[in-house]
Amino acid sequence: MQRGFEIVSRYANQGLQVPYRTTQQSAGYDFECAEDFVLPSIWRHDLLHAFKRLRHREPLTTEELTAGNHDMRPFLVPTGVKAYMQPDEVLLLANRSSNPLKHGLILPNGVGVIDADYYNNEKNEGEIFVQLVNVSLHDVTIPKGQRIAQGIFMPFRLADDEQAPRQQRTGGFGSSDNA
Ligand SMILES: O=c1ccn([C@H]2C[C@H](O)[C@@H](COP(=O)(O)OP(=O)(O)OP(=O)(O)O)O2)c(=O)[nH]1
Ligand SMILES: [Mg+2]
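Residues numbered from 1 in each chain as written. Chains lettered and ligands numbered in written order. Predicted model: local features only at pLDDT ≥ 70, side-chain atom pairs only at ≥ 80, totals over all residues. Heavy atoms only, no water.

The next thing to look at is the UniProt feature "domain: dUTPase-like" (unreviewed entry) in the protein. Following the UniProt record, the feature "domain: dUTPase-like" (unreviewed entry) maps to residues 72-176 here. Taken end to end, residues 72-176 has its terminal C-alpha atoms 24 Å apart, with 6% of it in helix and 37% in strand. (UniProt positions renumbered as here; feature names shortened; annotations may be inferred. Helix = DSSP H or I, 4+ residues; strand = E, 2+ residues; numbered from the N terminus.)

See the structure below:
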């Protein structure tokens, strides 16, 4: 067993597929969305206020400009999948190029880095989430089973004379910040 994918227990027996390559020479394993998921547009609230003010030829207030910004935060879209790999390997999670083009979905972290020690971590069993932001004008519903991102296994190298890391991974998404 070198590297691969498993379904996390909270999605057991729900018919999820482990990531798969779609063509013979694809580098990326396509991840599917684990459940229907709504991604609100980042623009809606600001636009509504802007249209209202434009009609009356009034400037937008600061409050109106910032209203709705809660939707700017990335959403963590569940995949229901965890990945195991060798200690000197990493899984890079990249957006599908069709996501921005067809759905206005961007990956705000650029590339997701899935560490080998994330697998089976005590907090969420190592479930991989795809951070997505919907920059289109409309809310987008991603149906369960739609491919949302691709994972590429890569080897990585260590720096000379590095200070050995002391922390044990307990989760993801900033888990090492206050450890
Ligand atoms: O798109 C992503 C990026 C990361 N992760 C998980 C796997 C990864 O091993 C862990 C930590 O990611 P990273 O090191 O990039 O984030 P961080 O902000 O440094 O969090 P931490 O302090 O937990 O390392 O979060 C995902 O599920 N999806
Ligand atoms: Mg980290």
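So, about the environment of asparagine 121. Note on placement: asparagine 121 falls in the loop between strand E8 (112-115) and strand E9 (129-134). For asparagine 121 and arginine 169, which are 48 residues apart along the polypeptide, the C-alpha to C-alpha distance reads 6.9 Å. With residues up to four places along the chain from it excluded, the contact list for asparagine 121 reads Gly126, Thr170 and Gly171. A distance of 3.0 Å separates a polar side-chain atom of asparagine 121 from the backbone oxygen of tyrosine 118. There is a polar contact of 2.8 Å between the side chain of asparagine 121 and the backbone nitrogen of lysine 123. (Contact = heavy atoms within 4.5 Å. Polar contact = N/O pair within 3.5 Å; in protein donor to acceptor, adjacent residues only side chain to side chain.)

Tallied over the full model, the rule gives 8 salt bridges. Close ionic contact of glutamate 89 with arginine 3 constitutes a salt bridge, the shortest N to O distance being 2.6 Å. You can see glutamate 89 sitting in strand E6 (residues 89-95) and its partner arginine 3 sitting in the segment before strand E1 (4-7), a full 86 residues away along the chain. The class for arginine 3 is partly exposed, based on a relative accessible area of 34%. Glutamate 127 serves as the salt-bridge partner of arginine 10, at 2.7 Å between the closest nitrogen and oxygen. Taken together, the residues arginine 10 in the loop between E1 and strand E2 (29-32) and glutamate 127 in the loop between E8 and E9 connect sequence positions 117 residues apart. Judged by relative accessible area, which is 2%, glutamate 127 ranks as buried. Shared partners join several salt bridges into a network, and the residues in it are Glu6, Lys82 and Glu125. (Salt bridge = Lys/Arg side-chain N within 4 Å of Asp/Glu carboxyl O. Buried < 20%, exposed > 50% of the residue type's maximum accessible area, 1.4 Å probe, protein only.)

A word on the site of ligand 1. Near ligand 1 you find 16 residues, and of these Asp115, Phe129, Gly174, Ser175 and Ser176 are the closest. The separation between an oxygen atom of ligand 1 and a polar side-chain atom of arginine 169 is 2.9 Å. Surface burial for ligand 1 is 80%, taken as the share of its 570 Å² of free accessible area covered by protein chains. Under a 2 Å grid-point criterion requiring more than half of the atoms, the pocket assigned to ligand 1 is the largest pocket. Top element by residues in the shell around ligand 1 is E8. It accounts for 4 residues. (Near = heavy atom within 4 Å. Areas by Shrake-Rupley, 256 points an atom, 1.4 Å probe, with all protein chains shown as cover. 1 Å grid on protein atoms, 1.4 Å probe; cavity = no way out; pocket = protein on both sides within 12 Å on 5 of 7 lines; lining within 4 Å. Sits in = over half its atoms within 2 Å of the grid points.)

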